[in-house]
Amino acid sequence: MATSQQTVTVWQGQVPLRVHVKGEGPAVVFLHGPWGLTWGPFLDALARSFTVYAPEHPGTTPGSPDTVLHVDNLWDLVLCYDELFEQLGLADVDLAGHSFGAMVACEVAALRPSRVRRLVLVDPIGLWRDDAPVTNWMLMALTDIAKYVFADPEGAAAKALFAIPEDPEESALTRTRLTWAMGATGKFIWPIPDKGLKKRIHRIQARALLVWGQDDRLVPLVYAEEFARRLPRTRTEVVKNAGHAPHLEQPEATAQLVQAFLEE
């Protein structure tokens, strides 16, 4: 089954959101991380059992960089997704997210607890500890980020996400795309990813699965404890040989964990 795309316009007609859809079965929404949507083996695996909806964050859709200019703050972004779910008819949904997307998933679940049945958080940001600060990837050179995101920065997953082509024109386009995607998501978490989630996370009623890459060099594993402490109906799974993006680096193992949880 091929992946289809649809564009849903929210926020008084100002914010078109492109949504990738694949699969059959109960709905699962996946919110991607700071470097744009990567549809790969992980989402394909979920689409064998579920209907997967994967929207692109405002400003990260190729050809529509200015969309994010109409979304002023995190609250606006959360409401944009609330409107998106309304238009898609997703009243009782399983919600998953990675990194920045996992933080947004928490905010959506806190805003409207009855909408989210189960919550999957893959290496989420959104909390802060002074003794274990989250590394600010927006201050890194693009050529250095893979060393922090992936356990194997020379592996296929790292190259697929961060490889810079040798062709000058393609190189410039790739650098611009990645930089803009980080900016389009980074505007909602700058200068540190602590925008008050700790004050709202208690509202979440959904059962939650925390998935963490064992070698996450951006968001230390200690944050799994922080999220689990605030989400009492939670279990934590650690993925070996994976960094900040286990769903990309170890897609089969991560998909098995997520699917088992969603089918409980």
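Here's what I pulled together on the structure shown here. On a predicted model such as this, the values are computed, not experimentally measured, just so you know. (Residues numbered from 1 in each chain as written. Predicted model: local features only at pLDDT ≥ 70, side-chain atom pairs only at ≥ 80, totals over all residues. Heavy atoms only, no water.)

**So, the pairing of strand β7 (residues 207-213)**
Thinking step 1. For β7, the tally of buried residues reaches six of seven residues, placing the bulk of the element in the interior.
Thinking step 2. In this sheet, β7 lies alongside strand β6 (residues 116-122) in parallel orientation, the contact comprising five bridges. Across the sheet, Leu 119 pairs through a bridge with Ala 208, a residue of β7.
Thinking step 3. Summarising the sheet, β7 and strand β8 (residues 234-239) pair through six bridges and their orientation is parallel. (Buried < 20%, exposed > 50% of the residue type's maximum accessible area, 1.4 Å probe, protein only. Helix = DSSP H or I, 4+ residues; strand = E, 2+ residues; numbered from the N terminus. Pairing = 2+ DSSP bridges.)

**A look at the pattern of salt bridges**
Thinking step 1. Scanning all chains against the criterion turns up 18 salt bridges.
Thinking step 2. Residues Asp 131 and Arg 129 are paired through a salt bridge, measuring 2.8 Å at the closest nitrogen-oxygen approach.
Thinking step 3. Glu 226 is the partner of Arg 229 in a salt bridge, and the nearest nitrogen-oxygen pair spans 2.8 Å. Placement of both Arg 229 and Glu 226 in helix α8 (residues 222-230) is noted, with a separation of three residues, approximately one turn of the helix.
Thinking step 4. One connected set of salt bridges, linked through shared partners, spans Arg 129, Asp 131, Glu 226, Arg 229 and Arg 230. (Salt bridge = Lys/Arg side-chain N within 4 Å of Asp/Glu carboxyl O.)

**Section: the packing of helix α2 (residues 74-88) against helix α3 (residues 100-111)**
For any two helices packed against each other, one specifies the crossing angle of their axes together with the interaxial distance.
Thinking step 1. At a minimum axis separation of 10 Å, α2 and α3 run at an interaxial angle of 70°. As far as their axial angle goes, α3 and α2 are roughly perpendicular. Across from Leu 74, Trp 75, Leu 77, Val 78, Leu 79, Tyr 81, Asp 82 and Phe 85 in α2, the residues of α3 making contact are Phe 100, Met 103, Val 104, Glu 107, Val 108 and Leu 111.
Thinking step 2. Considered class by class, the residues forming the contact of α2 with α3 number 12 nonpolar, no polar and two charged. (Axes fitted to C-alpha atoms, helices over the stretch in contact; angles between N-to-C directions. Parallel < 35°, antiparallel > 145°, perpendicular 65-115°, else oblique. Contact = heavy atoms within 4.5 Å. Nonpolar A, V, L, I, M, F, W, Y, C, P; charged D, E, K, R; others polar.)

By themselves, these observations are geometric and do not establish any function.
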